[in-house]
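# Report on the structure
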Amino acid sequence: MNEPGLLRRFVATPRFVLVVIIVLLVAVLVAVKPSFLNGTFVIAPLLTSIAVFTVVGLAQMMVLSIGHMNIAVGQMAAFGAMVSGITFDLAGWPLVAGIAAGLVAGAAIGALTGWIIARTGVNSFIVTLAMSFALLGLVPTIYSSLSAGSAFTTKPAGFDLLGRGSFADVCLVGWCGPAAIPLIVVPVALVMVLVAVLFTKTRVGRELLLTGASVKAAELSGIPTGRRIVLAHALSGALAALAGILLATSIGSFTPSIGDEFMLQSFVGPILGGTLLAGGYVSVVGTFLGITLTLVIRKGLELFGVGIETLNVLLGVILLVALSADRVREVRLRRGRTPDASGAATPEREEVAA
Amino acid sequence: MTTTPLLEAIGLSKSFPGVKALDGVNLRLAPGSVHALLGENGAGKSTLIKALTGVHRPDAGSIVVAGREQRFADPAAARAAGIGVVHQERNVIRSFTVGENIVMERMPRSAGRIDWSKVRGEAAACLALLDVDLDPATPITELSSAQMQLVEIARALYTETRVLLLDEPTASISGAESDRLFRVVDRLRDDGRAVLFVSHKLEEVYAHCDTVTVLRDGESVLESQPLAEHAHDEIVDTMVGRSLGSLTVPTRSAPRDVAPALELDGVTTTAGHHDVSLAVRPGEILGLYGLVGAGRTELAHAIVGLERITAGELRIDGSPARIRSVRQALQRHRLGYVTENRKEEGVFLEQSITRNIAVTVWSSLARGTGLVSGRREREVVSRYVDDLDIRISSLNQLAGRLSGGNQQKVSLAKWLAASPRILIIDEPTVGIDLRTKRAFYELIWRLADEGLAILLISSDLAEMITLADRVAVMDRFAITGEVENDHDYDSMSREVIRLIHADADAL
Amino acid sequence: MNRSVSALLRSQSATLIAIVVVGTVLLGIASQGDLFSPVGLRTFFQFLAVPILIGLAQMITVAVGQLNLAVGAIGGVAAALSAVLMADVGVPPLLGALVPLVVGALAGLGNGLLVMLTRINGFIVTLATMTILLGAQYALVGTRTVSASNWEPLAAVGKATVAGIPVIFFAAVAVAVVVALAFRFTLTGRQLLASGDNPEAARLAGISNDRSVVVAHTASGLLCGVAALVSLASLPGVNQSVGGDWLLPSFAAPIIGGVALTGGTVAVLGTVLAATVVRLVDTARAEFQLAPAWVNFVIGAVVLGTVALDRVRQVRAERRRGALRAAGPQNVTPVEATR
């Protein structure tokens, strides 16, 4: 086996391109606006949002792995966060128990979604779209009926430390960490490792990817595709909930608007990072880098006082450009494979067939 | 014969990555003739038809229509040149009526808008011409496959068509229906048009065709010859080629006194099988022969739980078994199913060889921890890659980059890795070259000798007669009979064909 | 003729008509006749025009097997640009009324061309253009609301009624009729359906699927433009929220109305009726003073129910065919020979 070296293989991936772009961008930003390096006021908030949105991206990546999509990622985040908020606010649960409850709630709603998709065979777009609206109706209603100001504000012990603390709060023998790195990166790094292990080392992760590559072939190879679909959506729901909860800890309260801006980001991150829309290939590091790039751009624009609308336009353009690259990659993957090219001229129907 | 051919292919070649599908094919269709296009599965017949009708663009060679060289940019250009085609797969618009499906290529309009009464009228006239009794207002989904095919023929004839290409039109229809089809074909010949006719049924071909072209591995080995000058056996030899003749069929003594490993007893399924019984013993190859659409693959699906068995019993090693999924079949009964359609069902084209083969062994590799050791995974995969002589550049190579034969080996290796005791193999050699085919045959014999019970599904009669110990014949979702294989092509093929048509003749 | 009547009765439309009738009666009773008061009727139909139009806009893309996430963003930009042109640049209202239509059609054309040229999945293309257009809408109107006083002649049309029913509702119905006729009587309409139903068969029959996709997106964009025009005429002003809540209703109407998600069919009447049902739900919500969020919940649940039910019916039908084959082998020819 004549495998190319690890480094050479990395250079050939979209991830390498992302790293280069991010480094260049940061260099330019620092050169033009040295205030970009302000630890507490620029870097720490940036890292916090990178952490939160990386989890959002992973939530979407989870269903992209099986070739599905989750339009309800933001609403599932809102739902999971709401459940955590209720346990803190009304039941007085400690931090870890409340977060666990939120994750379970997110997983449950995701599992329900996956179950509907697996049982009915209706495409994931429609089911998650409908689910997003059902939750969009449910969540604010519950908030307004259970809390006075449509927000849960009780903070159990450790809540602020998780969301707003930094390594400056962690001191060992008189030496404290840098204030520029928020503590929230710790659980997120852990989640990234877990997801990466899932896809690279475990049977279930491999089976998820093969289900994404071809449901039919997967079923005929003895993979319980129905259960894998439910699992992917459950994990997506749990990760979305985690992102919602982390966002709540960083802003200090639980509100119905958590997750509102998750959907677009959730697609941009994985896709920029090289995750195939069609399923069968994911990249945890790529998702992280994709999210990082978009948020660095956002921060940069903020520093220059450019409005949010420009960012939106830019994100849309980046998505289209990245996707064209994704398409080129897919075509390259497919080349040299189908003796029957007759389907090549038909319009893409993946969004329905997926 | 000095008449200008209506359609002529000269030195037509077409390659797909890894496969030379057509290699300098010549073909002449004379006016007022019915021309048979014969060849084994994967010989290039459908590709030739697609190359002639603008679906595929030929790499080399030329197409001449009534004396004028043509290059078809798309199917519409071929239609405009007067070439009509009915492909092997049904191409209908399911949300349209019969009538609209017929006239859709040239919708009758008046004052710029579609004239629906004309749609019905012209479609009805077209159907009447074919002697088909169908109401044009019927939704097409209410039709059987055979009726849909007639609708497609009507569509091909609706616009000015001088040449009609029919790709296996009789593969899935009954005797009565093919009689009607041939009346249409005869009428077209009398009109001075040309018909190209693809079929596996040689009796039919001799009864209705005038000239013949035989394809083998993408080459025209017999080119536009008068059919009457070539005897049945000679045609078969030309199709199969002498190379396979040199394959020595081993004298196998299939065990008779052992209890069956896989047994169906009066099985009725949700797919529509009724009262199907058969038994495969360890070390035995049972062939399941039938035409396309006879329900063979569906029977395999019912065995592995993709269709439900509603009556009768499935027994494994003598005890009743309930299989609900391929996973259960594998894990509880060590039964593997090598699927028919390798590109969609057999391999994951965009995944590595390792993942493609290891998929069946992950559960055992990951027992307890859920973790799969990459090293052990590669060990297992390498063993089968070597054993089946799969030609790859690396274990990380994508399966889609392999040739058809190697993909099929990957598909088989996946199941062998799970060390099954019962193996259902569905159309293993469609579209793969002769050398690989022979390797496959030897492999299947070896597996049987190692004690596997093998249910072999094939629509290639020669393959069946070469490989199987016994041949069960299926027609319209029922078993019409079983023949002990004496490996004599003539007597076997006669017997099997008789069983297939036994049912149809009773109509 | 009889055939089409019985087909109608079996279709989703019959169910929907029944729901509309029963819902209207119940709501009429619950509101003690308020629903049928002049104000009640006017409000009901005034806010039905946009849902019908965006439902049709989505239906057209679904018919070719595509979808359009940008319905709201196209409508929003179209309305915002027109408003800004009339208010700040002084474009006369008559000309200003054309702007949304042109913008809508161009945006749709852009979507179609992007899908065609890049072969990227339509979901992502429209997601990206949605973001871009939302940015553009914000850039145009920012946080302000451009008052309708800048286009009084248009606003007058928006308020006009005939027999107590707003003119804009009639306009929406007229558009629906045009769409229905186009799918029934034009070659392009039939080609769109063929491409959506079976692209391969369509291609073999000489139909350009690329063209179908581009035409469908353009038409969809145009209808979003019409919806934008209606919003312009009927709303007190235009701000960045116009179009923001169009996405789900645009999918809900065709799905509940019986349009197959896999493409190849349209149901104009069904879509209009489904939009009406959604409107009834909204009216009921207002009547019982529930939080607006409930409407989302109900629609989401109904959409889920509809698609699930549809699927169950399909599976049943397949099972039945199999059973038929098993029962009468001599009479039934194998159905699926295309393996």
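No experiment lies behind these values; they were computed from the predicted model shown. (Residues numbered from 1 in each chain as written. Chains lettered and ligands numbered in written order. Predicted model: local features only at pLDDT ≥ 70, side-chain atom pairs only at ≥ 80, totals over all residues. Heavy atoms only, no water.)

Right, let's get into unusual backbone geometry. Backbone geometry at aspartate 317 of chain B places phi at a positive 50 degrees, although glycine is not the residue there. Turning to its location among the elements, aspartate 317 of chain B is positioned in the loop between β16 (309-316) and β17 (319-320). With a phi angle near 55 degrees, alanine 163 of chain C is a residue other than glycine that sits in the positive phi range. For alanine 163 of chain C, the position within the fold is in the loop between β2 (161-162) and β3 (165-166). According to the relative accessible area criterion, alanine 163 of chain C is exposed, its value standing at 79%. (Helix = DSSP H or I, 4+ residues; strand = E, 2+ residues; numbered from the N terminus. Buried < 20%, exposed > 50% of the residue type's maximum accessible area, 1.4 Å probe, protein only.)

Moving on, we come to the sheet that holds strand β20 (residues 453-458) of chain B. Residue and element names in this part refer to chain B. Across the sheet, six strands lie side by side as β18-β19-β20-β15-β21-β22; this open sheet has mixed pairing. Among the strands making up the open sheet, the edge pair consists of β18 (335-338) and β22 (478-484). Going across the sheet, the axis of each strand differs from the next one's by a mean of 20 degrees, ignoring polarity. Pairing of strand β15 (residues 285-289) with strand β21 (residues 470-475), which is carried by four bridges, proceeds in the parallel orientation. Counterpart to tyrosine 289 in the pairing with β21 is valine 473. (Pairing = 2+ DSSP bridges. Axes fitted to C-alpha atoms, helices over the stretch in contact; angles between N-to-C directions.)

What follows concerns the pattern of salt bridges. Applying the stated rule across the entire model yields 39 salt bridges over all chains. For glutamate 207 of chain A, the salt bridge goes to arginine 203 of chain A, with nearest N and O atoms at 3.7 Å. Of this pair, glutamate 207 of chain A and arginine 203 of chain A both sit in helix α9 (residues 203-213), four residues apart, which is roughly one turn of that helix. Its relative accessible area of 1% is what places glutamate 207 of chain A among the buried residues. Residue arginine 189 of chain B is joined to aspartate 186 of chain B by a salt bridge in which the shortest nitrogen-to-oxygen separation is 2.8 Å. Here arginine 189 of chain B and its partner aspartate 186 of chain B are both found in helix α6 (residues 175-190), three residues apart, which amounts to about one turn of the helix. Given a relative accessible area of 18%, arginine 189 of chain B falls into the buried group. Of the residues examined, aspartate 186 of chain B reaches a relative accessible area of 25% and is grouped as partly exposed. (Salt bridge = Lys/Arg side-chain N within 4 Å of Asp/Glu carboxyl O.)

Counting from both sides, the interface comprises 46 residues of chain C and, opposite them, 47 residues of chain A. Per-residue buried area on chain C facing chain A is highest for Arg119, Phe123 and Leu304 of chain C; these three make up 14% of the total on that side. Linking chain C to chain A there are zero salt bridges. A per-element tally of the side of chain C that touches chain A places helix α8 (residues 122-141) of chain C first, with twelve residues. A per-class count over the side of chain C that touches chain A returns 27 nonpolar, 13 polar and six charged. (Contact = heavy atoms within 4.5 Å. Buried area = accessible area lost by both parts, 1.4 Å probe. Nonpolar A, V, L, I, M, F, W, Y, C, P; charged D, E, K, R; others polar.)

With that settled, consider the interface of chain B and chain A. Counting residues at the interface gives 38 residues for chain B and 37 residues for chain A. Where chain B abuts chain A, roughly 3200 Å² becomes buried across the two surfaces, and 58% of that area is made up of carbon and sulfur atoms. Its largest share of buried area at the contact with chain A, chain B owes to Arg327, Phe348 and Glu350 of chain B, together 21% of the area lost on that side. The interface formed by chain B and chain A contains four salt bridges. Salt-bridge contacts for glutamate 345 of chain B lead to lysine 216 of chain A; the nearest nitrogen and oxygen are separated by 3.7 Å. Secondary structure elements with two or more residues in the side of chain B that touches chain A: α11 (326-333), α12 (342-346), α14 (362-365) and α16 (404-416) of chain B. The dominant element in the side of chain B that touches chain A, judged by the number of residues it contributes, is α12 of chain B, at three residues.

Don't take any of this as a statement about function, it's just geometry.
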